[in-house]
Amino acid sequence: MNRIDLRFKELKNMQKKAFIAFITAGYPNLDATEDLVLEFSRVGVDIIELGMPFSDPIADGPIIQEASQIALKNKINLDSIFGLVRKLRRTVDIPICVMSYYNPVFCFGEGRFLRKAKDAGIDGVIIPDLPAEESLNLKRQADKLCLDTIFFLSPTSSLERIKFISGLSRGFIYYVSLTGVTGMRQRLPDGLLHHIREIKRCTAKPICVGFGISGPAQVKQIYRVADGVIVGSAIIQKIKENTDRPDMPKRVANFVLSLKDG
Amino acid sequence: MVKMLPDKKGYFGDFGGRFVPETLMYALEELEREYLKARKDRRFLKELNYYLSEYAGRPTPLYMARNLSSYLGIRVYLKREDLLHTGAHKINNTLGQILLAIRMNKKRVIAETGAGQHGVATATAARMFGLRCDVYMGQQDIRRQRLNVFRMKLLGASVIPVRSGSQTLKDAINEALRDWVTNVRTTHYIIGSVVGPHPYPMMVRDFQSVIGRETKDQILKKEKRLPDYLVACVGGGSNAIGLFYPFFKDKQVKFIGVEAAGEGLSSLRHAATLVEGKPGVLHGSKSDLLEDRFGQIKPAHSVAPGLDYPGVGPEHAYYKRIGRASYVAVNDRQALEGFKLLSETEGIIPALEPAHAIYYLKKLSKKIKKNSLVVVCLSGRGDKDLDIVMDRL
């Protein structure tokens, strides 16, 4: 059982839900990413999703696109992310997933990517443009290493796909709340809670909901039916607003706390 | 069908596939299902053929370019896709896809465009069939191809400027994909080249194969034999695959794809994906790409906006690996020379994209037997490029 599975087990015993924070690695710089993870760990974030920046992030809205471009200017690559996690592992035990579009992984080599991720202390991988059908080879290798492979379900997934993908997913299932890209939204899409209940009927694996979630009220609503939430753009936006302040990581962590326990 | 490729998962050898966010999987499955039904449906094919001939102006002539031929010392035929309605081969594909969109009951279509030719062809087809149309176009291309922007607007399409990244075709595709992910239930994305996730490379190839099928009939009538060489420019590669594919099994016919070397291959400002790139995954499929060693996509460059793309259709990457086609690169300056050459010898002003292929004939003619029979796809006409060329010549 790895850190992610363990965390969900603990949460279940405490009848609590998971709060997963996404940040783009290297935005606004790699030291800030390190401080943010430490702060997030301190305020009780359950899982960190570290985003590897990509030049053409088709699943992302403007906020994460901009963060990715800045991170790329800071010359962030997979090795720098592995280095960061290795360093973090000296002090924190918080579960960490790495999110990357497929091409950087493909170029790095699937097997090498997974081994290095594991060695660095990463617990799971999320690849938004690698659908389950194309991932079987990667999945087999990840399973051997006890690395979680987190797949996506969306409002357009058929019942057949829901069954297929829940079967393959490990750690948790990432449910995309809406048809669209990442970014803050005022309200949750219609039918969301209903969809989640439907999926829960097909699988016992934890379902975490992401895309568009930016306020404490939304988090609360999702907690009613799902096992966790993933917040990205709203956090990146907070980082941006506070980017020049020396206490930026603390301020962002306080914001996260307000979302989490709002 | 000449050969049953791609396979069921959309692969041409190691290339192709379907690399998209989960939200789009259902739309691609739906599109594949509908297309496979449609291509066996006589009524669909009859309707498509009707519009191709009555509306778009098919068949296009296969023109013996006598002056160019005697200048080069080889026999050159031009497949005149430039004479089609809207001025380029793109309409072959947009008519096919718009009929599919209607079958799937989609009320809105979106498209990306580089040179503006695919955008114009999509706007045209959408207007005729009464569908809403939004076209994504890089800000830099909007500046370079003002005439086509105006045409699209006149045809009732909204042209949405894309300001991210390199502000060219690659970024327009990113933005179109983001739109599609958002509006997938009501919108069909008309991809303009043989790129993107399965079934697009197969479907666009099939729609463009009318170029090669006609060429085959015409050359057999005129010359009583098959050509020695087929030459076409390659950006994403739709006019080239359209010309090549029906000759796939005719091994004596050699295929040459001409890519854009931009400011020169050593300048790193080029779009010669097959010549210089390496395998990767972009815009939903695995193919050759211009990328750095970390897998970040490099911006492409070409004087021809339609070739200004860091990826290429997976079937071309496959043809290259199995040695069925060879790929070469021609730079901006040479393309302008090709542009002038065809204008001056034949009184035909080519688009800058096929001007790359025209220039390559000069090199080819020095290497091959005198009087070899060569067919070049003249994929579009040059009116749209006069702004660019006036600045340069």
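Described below are features of the structure shown in this document.

### Brief notes about the overall build of chain A
A tally of helices and strands in chain A yields 12 helices and 9 strands. The C-alpha atoms of chain A give a radius of gyration of 17 Å, which matches the 18 Å a tight globule of 262 residues would have. Overall, chain A is about 45 × 40 × 35 Å in size when its C-alpha atoms are taken along their principal axes. The proportion of buried residues among the 262 residues of chain A is 63%. For chain A, the share of sequence-separated contacts (at least 6 apart) that also reach a separation of at least 24 residues comes to 73%.

### Details of helix H7 (residues 136–145) of chain A
Residues and elements named next belong to chain A. Within H7, burial applies to Leu138, Lys139 and Ala142. Viewed end-on, H7 has its buried residues packed into an arc of 100 degrees, placing them on one side of the element. Exposed residues pointing more than 90 degrees away from the buried face of H7 are listed as Arg140 and Lys144. Where H7 is buried, its residues touch helix H5 (102–108), helix H6 (110–120), strand S4 (124–126), strand S5 (148–150) and helix H8 (159–168).

### Considerations on the sheet that holds S4 of chain A
Consider a sheet: its strands pair through backbone hydrogen bonds, and that pairing is either parallel or antiparallel. All names here are of chain A. Across the sheet, 9 strands lie side by side as S5-S4-S3-S2-S1-S9-S8-S7-S6; this open sheet has parallel pairing. Two strands bound the open sheet, and with one partner strand each, they are S5 and strand S6 (152–153). Inspection of the sheet shows strand S3 (residues 96–99) paired to S4 by 3 bridges, in the parallel sense. Bridging across to S4, Met99 finds its partner in Ile126. Against the sheet, helix H10 (residues 216–223) engages strand S1 (18–24), strand S8 (207–210) and strand S9 (228–231), with an angle of about 150 degrees to S9.

### A look at helix H3 (residues 62–73) of chain A
If you check H3 of chain A, its first and last C-alpha atoms are 17 Å apart, about what 12 residues at 1.5 Å a residue would give, namely 16 Å. Buried residues of H3 of chain A: Ile64, Gln65, Ala67, Ser68 and Ala71 of chain A, and no others. Projected onto a plane normal to the axis of H3 of chain A, the buried residues spread over an arc of 165 degrees and lie on a single side. Set apart from the buried face of H3 of chain A by more than 90 degrees, the exposed residues are Pro62 and Lys73 of chain A. On its buried side, H3 of chain A packs onto S1 and helix H11 (233–241) of chain A together with helix H8 (169–183) of chain B. Lys75 of chain A lies just past H3 of chain A and shows a positive phi near 60 degrees.

Calculation criteria
- Residues numbered from 1 in each chain as written.
- Chains lettered and ligands numbered in written order.
- Predicted model: local features only at pLDDT ≥ 70, side-chain atom pairs only at ≥ 80, totals over all residues.
- Heavy atoms only, no water.
- Helix = DSSP H or I, 4+ residues; strand = E, 2+ residues; numbered from the N terminus.
- Rg over C-alpha atoms; globule rule 2.2 N^0.38 Å.
- Buried < 20%, exposed > 50% of the residue type's maximum accessible area, 1.4 Å probe, protein only.
- Contact = heavy atoms within 4.5 Å.
- Arc of directions from axis to C-beta.
- Pairing = 2+ DSSP bridges.
- Axes fitted to C-alpha atoms, helices over the stretch in contact; angles between N-to-C directions.
- Expected span 1.5 Å × (residues − 1).

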